Amino acid sequence: MMKLIYVMDPQCGWCYGNSNNIQKLVEAFPELDFEIMVGGMWVGDQAPKGGDDMFAYLQKHAPGMEQKTGALLSTEFYELSKDETYTMSSFEACLAIKIVKNIAPEKALKFASELQRAQFYFGQRFDDFKTYLAVLQNLNIDPQPFMDQFGSEENQKETIDEINESRKMAAGFPSLFLDTGMTVEKMAAGYFEADEMIEQVRSYIV
């Protein structure tokens with residue numbers, strides 16, 4: 001069966017801006033399998049800390065994303081970006097998305113989207129476990145298996161393996177692929193418009 005593969009990262013502003021487009025695309029093709037994969041944009045020593053430099057970077061680059069996508073960054077997020085105690089790591093949120101893929105795969109895309117909204121719009125932290133519990137509750141996902149697995153050795157290994165696989169596939173985020181069963185076609189590298197992508201995918205399956 002053909003499958004759409006969406007590679008994203010929780011700390012990627014363009015992925016946040018693309019949330020509605022990927023949701024619309026998936027809904028347009030219920031006959032296709034779908035997998036969201038985490039990219040690990042900022043992990044370990046690569047993860048920048050909040051502070052004046054991060055705040056200045058966002059002030060320079062975020063308006064273009066907001067204008068293009070309509071997704072807004074809040075005052076609360078800008079304040080978080082100035083917080084020197086906050087490391088803007090992708091890894092914790094990637095761990096969380098990987099668990100939801102295991103325990104509630106049909107809600108994984110919505111979970112990733114709402115998790116990004118929690119940070120970029122509400123200014124909540126990915127290093128605060130309450131951020132994840134709130135999104136789980138909103139999506140009616142049982143928090144117990146999530147809490148049992150979060151940060152476990154198995155969870156970390158599965159997430160690192162997925163990040164490594166994503167990095168082989170995608171040069172940046174978001175990226176979209178279509179696995180036809182014979183080949184894996186790159187459909188998008190970066191932000192895309194839903195209606196245009198729907199037509200592009202449809203050309204492969206009719």
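Just so you know, these numbers come straight off a predicted model, no measurement behind them.

Below, the discussion takes up the side chain of Gln116. With respect to the element layout, Gln116 can be found in helix H6 (residues 108-120). When neighbours within four sequence positions are excluded, Gln116 is seen to be in contact with Met8, Asp9, Pro10, Gln11, Cys12, Cys15, Tyr16, Ser19, Tyr121 and Phe126.

The next thing to look at is the packing of helix H5 (residues 91-103) against H6. Interhelical geometry of H5 versus H6 gives an angle of 155 degrees and a closest axis separation of 9 Å. Relative to H6, the element H5 is oriented roughly antiparallel. Considering the relative orientation of H5 and H6, their crossing is right-handed. Of the residues in H6, those touching H5 at Ala93, Ala96, Ile97, Val100 and Lys101 are Ala108, Phe111, Ala112 and Leu115.

What follows deals with the nonpolar core. Nonpolar side chains in soluble globular proteins tend to end up buried together. Leu25, Phe111, Leu115 and Leu176 are the most contacted members of the largest nonpolar core, which totals 64 residues. In terms of residue count, the dominant contributor to this core is H5 (eight residues). What Leu115 contacts, discounting residues up to four positions off in sequence, is Ala93, Ala96, Ile97, Phe126, Thr131, Tyr132 and Val135.

What follows covers the sheet that holds strand S1 (residues 3-8). Here we have four strands laid out as an open sheet, ordered S2-S1-S3-S4, and mixed in their pairing. Each end of this open sheet is capped by a strand with a single partner; those strands are strand S2 (33-38) and strand S4 (184-189). With strand direction ignored, the average angle separating the axes of adjacent strands in the sheet is 20 degrees. Here S1 pairs with strand S3 (residues 175-179) via five bridges, running antiparallel. Of the residues in S3, the one forming a bridge with Tyr6 is Leu176. Its contacts with the sheet place H5 against S1 and S2, and it is angled at close to 155 degrees to S2.

A few words now on helix H10 (residues 194-205). For H10, spanning twelve residues, the distance from its first C-alpha to its last is 17 Å, which sits close to the expected 16 Å at 1.5 Å a residue. At its buried positions, H10 is contacted by S1, helix H2 (19-28), S3 and S4.

Each value, and the rule that gives it
Residues numbered from 1 in each chain as written. Predicted model: local features only at pLDDT ≥ 70, side-chain atom pairs only at ≥ 80, totals over all residues. Heavy atoms only, no water. Helix = DSSP H or I, 4+ residues; strand = E, 2+ residues; numbered from the N terminus. Contact = heavy atoms within 4.5 Å. Axes fitted to C-alpha atoms, helices over the stretch in contact; angles between N-to-C directions. Parallel < 35°, antiparallel > 145°, perpendicular 65-115°, else oblique. Left-handed = near helix turned anticlockwise from the far one by under 90°. Core = buried A, V, L, I, M, F, W, Y, C linked by side-chain atoms within 4.5 Å. Buried < 20%, exposed > 50% of the residue type's maximum accessible area, 1.4 Å probe, protein only. Pairing = 2+ DSSP bridges. Expected span 1.5 Å × (residues − 1).

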